[in-house]
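Geometric and topological summary
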Amino acid sequence: MAGRLAEKVAVVTGGCSGIGLATVRRFAEEGATVVVADLADEAGEALAAEIGGTYVHCDVSSKDDVDALFATALERHGRVDIAFNNAGISPPEDDSILDTDLDAWRRVQEINLTSVYLCCKAVIPIMLEQGGGSIINTASFVAVMGAATSQISYSASKGGVLSMTRELGVQFARQGIRVNALCPGPVNTPLLKELFASDPERAARRLVHVPMGRFAEPEEMASAVLFLASDDSSFMTASTFLVDGGISGAYVTPL
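Numbering of residues begins from 1 in every chain and follows the order in which that chain's sequence is written. Residue-level local features of this predicted model are given only where pLDDT is at least 70; pairs of side-chain atoms are given and counted only at 80 or more, and the full residue set underlies all totals for whole chains, interfaces and linings. Side-chain metrics rest on all non-hydrogen atoms present in the structure, leaving aside hydrogens and water.

Looking at an unreviewed UniProt entry, the protein chain carries the name NAD(P)-dependent dehydrogenase (Short-subunit alcohol dehydrogenase family), with the source organism given as Phycicoccus duodecadis. Under the UniProt heading Sequence similarities (unreviewed entry), the entry covering the protein chain gives this text: "Belongs to the short-chain dehydrogenases/reductases (SDR) family." UniProt positions are given in the numbering used here, feature names are shortened, and annotations may be inferred rather than shown by experiment.

Pasting the structure below:
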């Protein structure tokens, strides 16, 4: 039985860990040829060999690297049907606006927001030429909520991703290009584990607000990305796809 992404070519940034890694493997299981973009060369080459795909070293904040990524995907595989623009960071230097300096602000914006602009700018002409495609941009539940335990640049960057996604989804809808934003709640990834290690109290304050009482697993996010990438979501574009365990809908969480 053919998978839901049979004969599709997908590009995944930040593909060597967390949500990206789980999605790369899920895409491959569903029949896609996957181009993995990351900075972790050893892990990336091993992953590409595992799934029969391609690894490309890519700094997503570099226009030259991003252009080369999508050019490589097109040259080797002839098309790009899916772009999962997922790479992002959440460094400890990004904190309250009172404590976050300009360099930390800019670094997060470059990796989390400018990279999505660069990826969309590179892939949309390819998709226009071939007559369509699906773009999934990783935003966050913090794009629709405020937090007293602020990561000011991260929150602002994800709000920007969400707004840009809506605009692109509307602009290119009649050209067959769907653009949707995945908005995960807290996910059990290396980023979250780092937060637990550095500030357990801050992490615990997050968990208490999740109605399901746990963090998501990367594989659960991969299932959501698969839905947005596949024809199962063929009438969805410009959407805010919240997969957050109920956190954005909660006023009071259950005991």
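Right, picking up where we left off after that structure.
This part covers a nonpolar patch on the surface. Like charges within 9 Å and nonpolar side chains (Val, Leu, Ile, Met, Phe, Trp, Tyr) within 5 Å are joined into patches, using only residues over 30% in relative accessible area that form no salt bridge. For the area figures, the Shrake-Rupley method with a 1.4 Å probe applies, and any residue is considered shielded solely by the protein chains shown. We define a salt bridge as a contact between a side-chain nitrogen of Lys or Arg and a carboxyl oxygen of Asp or Glu at a distance within 4 Å. On the surface, Val144, Met145 and Leu242 cluster together to form a nonpolar patch covering roughly 210 Å² of accessible area. Only DSSP runs of H or I covering at least 4 residues are called helices, and only runs of E covering at least 2 are called strands; the numbering of each starts at the N terminus. Along the polypeptide, Val144 turns up in the loop between strand 5 (133–138) and helix 5 (152–171).

Inspection of every chain in the model, using the stated rule, returns seven salt bridges. As a salt-bridge pair, Arg26 and Glu30 come within 3.9 Å of each other at their nearest N and O atoms. A 1.4 Å probe rolled over the protein chains alone gives each residue an accessible area, and that area as a share of the maximum for its type sets the label: buried under 20%, exposed over 50%, partly exposed in between. On the basis of relative accessible area, Glu30 is assigned to the buried category, the value being 14%. Taken together, the shared-partner salt bridges connect Arg4, Arg26, Glu30 and Asp232 into one network.

So, about the confidence of the model for the protein chain. By definition, pLDDT measures how confident the predictor is in each residue, and it falls between 0 and 100. Of the residues in the protein chain, 97% have a pLDDT of 70 or more, and the chain-wide mean is 95. For the protein chain, the element scoring lowest by mean pLDDT is helix 6 (residues 190–198), at 68; strand 4 (residues 82–85) scores highest, at 99.

Helix axes are fitted to C-alpha atoms over the stretch in contact, other axes to C-alpha atoms as well, and angles between N-to-C directions run from 0 to 180 degrees. Between helix 1 (residues 18–29) and helix 2 (residues 41–51), the shortest axis-to-axis distance is 10 Å and the interhelical angle comes to 20 degrees. The pairing of helix 1 with helix 2 is recorded here as roughly parallel in orientation. Judged by the sense of rotation from one axis to the other, the crossing of helix 1 with helix 2 is right-handed. Here helix 1 contributes Leu21, Val24, Arg25 and Ala28 to the contact with helix 2, which in turn contributes Leu47, Glu50 and Ile51. By definition in this entry, angles of less than 35 degrees are roughly parallel, angles greater than 145 are roughly antiparallel, angles of 65 to 115 are roughly perpendicular, and the rest are oblique. Should the near helix be turned counterclockwise from the far one by less than a right angle, the crossing is left-handed, whereas a clockwise turn marks it as right-handed. Working rule for contacts: check all heavy atoms of both residues, and any pair within 4.5 Å makes them a contact.

A few words now on the environment of Arg76. Structurally, Arg76 can be placed in helix 3 (residues 63–77). Spatially, the C-alpha atom of Arg76 lies 26 Å from that of Ser223, the residues being 147 residues apart in sequence.

Every α-helical turn comprises 3.6 residues, leaving residues that sit three or four positions apart pointing alike. The length a helix should cover is 1.5 Å for every residue beyond the first. In this model, helix 8 (residues 218–229) (12 residues) spans 16 Å end to end at C-alpha, consistent with the 16 Å of a helix rising 1.5 Å per residue. Of all the positions in helix 8, only Pro218, Met221, Ala222, Ala224, Val225, Leu226, Leu228 and Ala229 are classed as buried.

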